[in-house]
Amino acid sequence: MNRKWWKEAVVYQIYPRSFYDSNGDGIGDLRGIIQKLDYLKELGVDAIWLNPVYKSPNADNGYDVSDYYDIMDEFGTMADFDELLQEAHRRGMKLIMDLVVNHTSDEHKWFIESRSSKHSPYRDYYIWREGQNGREPNNWVSIFGGPAWEYDERTGEYYLHLFAVKQPDLNWENPRLRKEIYEMINWWLKKGIDGFRLDAINLISKVEGLPDDPNPQGERFPGSRFYLNGPKVHDYLHEMYREAFSKYDIMTVGEIPGVTPEIGRLYVDEDREELNMIIHFELMDLDCGSGGKWDVVPWKLTDFKKIMYNWYKGLKYKGWVALYLNNHDQPRMVSRFGNDGRYRVQSAKMLATLLHTWQGTPFIYQGEEIGMTNVAFDSIEDYRDIETLNWYNEKVKGGYDPERLMKAIHARSRDNARTPMQWNSGPNAGFTTGIPWIKVNPNYREINVENALKDPDSVFYYYKKLIELRKKHPAIVYGDVNMILEDDENIFAYTRTLDDDKLLVVLNFFENEVEFVLSDEVEFRDYKLLLSNYPVEGDLKRTILKPYEARVYKLF
Ligand code: TEU
Ligand code: CA
């Protein structure tokens, strides 16, 4: 398999708004990130992915870009950005930016031009249609609620927005638009950034004619079959690769919802020259019922394992996955897949063991490395996320019980991940000296970086060890995966093998003790424990695993 720096790397995701505020206005910023680079260096990560920092009116916290060539006022200046890039590089860390090109802000100059007249040279940069019998052009629904179309009085037509009203979709059919995007990408790459995470990138090609969706299954997002993995998406990505990515030694990772390994492979198959790595959503969908993300249902470990193994087998020697169990759009992993009560520390370490010893590139979301948890604000007033607020308002209007809605929000709101990073036990968790744009999680007095750095058994130091382990064992990056005990509902176990480097990973996924018996399939003469989240008792062949116990062995 081709060796690449981005396969060997561990990426740390920063949500700048919530990371560190350097000037007391309550909003995290670029200078705040610069001040914390040594902390990231201490953790040992190789690359940083920044959520969008471009100029934006912040309808969706930067995912509504109004100028791709400038920095968001609250985050600082381009000079701050250049300094951040330089300081990251000086410490041997790469910097990856978000690339949001399915849509822009409605305040982007292209859109302002586009909506001004049907004859504007920018009209065709976006997707405009006439209404049908006084209604929207079709029945597509926005991912953030309501119809995917907004009527614009000036020209008497509707524009398409798959996300918020303030996020009009770009028209990728237009070669001039595509050229401008590639130019912009090259501009950033020439500056020296090390790659992109491409936002919602498999939504950019819409089926011609934008047909109505009969939606016989009553899916939550009618229309999605006409824009997810649309007809020209691979042409566009290959073109983007040719025009921009191929000229640099960078990493590109696509955020690609709604794909199985068969379809996902097409984006990252090395021979196809599109993207390097895929962020798929299959694990994120595992505990969602028919009501979508707000509908919390139980999940089974066998399904979880199947998803991971199928992706491994589906991409084997061909493509690469991003490994994550949370990010800025998802609940905290320890609250969702682990245990954020009594076994918070053990389960945080166990889940991390999986993410750092499976095949793929681990992405750590800020705060994960200290075991940060979901938050449960009592009042909807304390929530900030547009998706959460839209959903809540829509449901309240529909007569739903606000208390039940709040329960779903506690489990699923994107704000679970967006409360400020917990640096210490001082006011506002040390995130800001002002009033934070969103409240801190009240558990910051216990869970914070300062405490973690003082405690040799902390989640933080366990992450550090996992990252070091990756550097020592090429099998973790390049080795084959062999699942053992595939049908076990409690234990996740597998080996990783590259030539004579062979590791065995054993994870108890739940809070009951469980017996682990190693079958004779796994052959070895001797073994050595490399890492564990408890003092290890018992021998490897037959042993009792404690709640959320994780062990990594080297086999000889
Ligand atoms: O998310 C795209 C995406 O698929 C989301 O709809 C995701 O399913 C949702 O956030 C789950 O609640 C990306 C960004 O990661 C997200 O933060 C943006 O809001 C969105 O694109 C629009 O740019
Ligand atoms: Ca600030």
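Residues numbered from 1 in each chain as written. Chains lettered and ligands numbered in written order. Predicted model: local features only at pLDDT ≥ 70, side-chain atom pairs only at ≥ 80, totals over all residues.

A. Representation of unusual backbone geometry in the model. Its identity is not glycine, yet N215 carries a phi of approximately 50 degrees, on the positive side. Assignment of secondary structure puts N215 in the loop between β9 (195–198) and α7 (233–243). Looking at N215, the number of C-beta atoms within 10 Å reads 16, which means it is partly exposed. Phi at L485 is positive, roughly 55 degrees, even though this residue is not glycine. (Helix = DSSP H or I, 4+ residues; strand = E, 2+ residues; numbered from the N terminus. Buried ≥ 20, exposed ≤ 12 C-beta atoms within 10 Å, placed from the backbone.)

B. Local environment of the sheet that holds strand β6 (residues 128–129). Strands sit in the order β6-β8-β7 across an open sheet of three strands; the sheet is antiparallel. The sheet terminates laterally at β6 and β7 (149–152), the two strands that pair on one side only. (Pairing = 2+ DSSP bridges.)

C. Broad picture of the nonpolar core. By size, the foremost hydrophobic cluster in this structure holds 144 residues, and its most contacted members are I48, M277, L351 and L507. A total of seven residues in this core trace back to one element, the largest contributor, which is helix α12 (residues 344–357). Beyond its immediate stretch of four places on either side in the chain, M277 contacts W6, M251, V253, V268, W320, V321, A322 and T361. By size, the runner-up hydrophobic cluster in this structure holds five residues, among which are W294, Y383, W391 and I409. (Core = buried A, V, L, I, M, F, W, Y, C linked by C-beta atoms within 7 Å. Contact = placed C-beta atoms within 7 Å.)

D. Up close: the domain arrangement of the protein. Here the protein is partitioned into domain 1 (5–102 + 176–197 + 249–462), domain 2 (109–160) and domain 3 (477–555). Look at where the C-alpha atoms of domain 2 and domain 3 centre, and you get two points 55 Å apart. (Domains from an automatic or database assignment.)

E. Representation of the site of ligand 1. By nearness alone, 14 residues border ligand 1, and Y63, F163, A200, P257 and D329 come closest of all. Of the residues that constitute the shell around ligand 1, the class distribution is six nonpolar, one polar and seven charged. (Near = placed C-beta within 6 Å. Nonpolar A, V, L, I, M, F, W, Y, C, P; charged D, E, K, R; others polar.)

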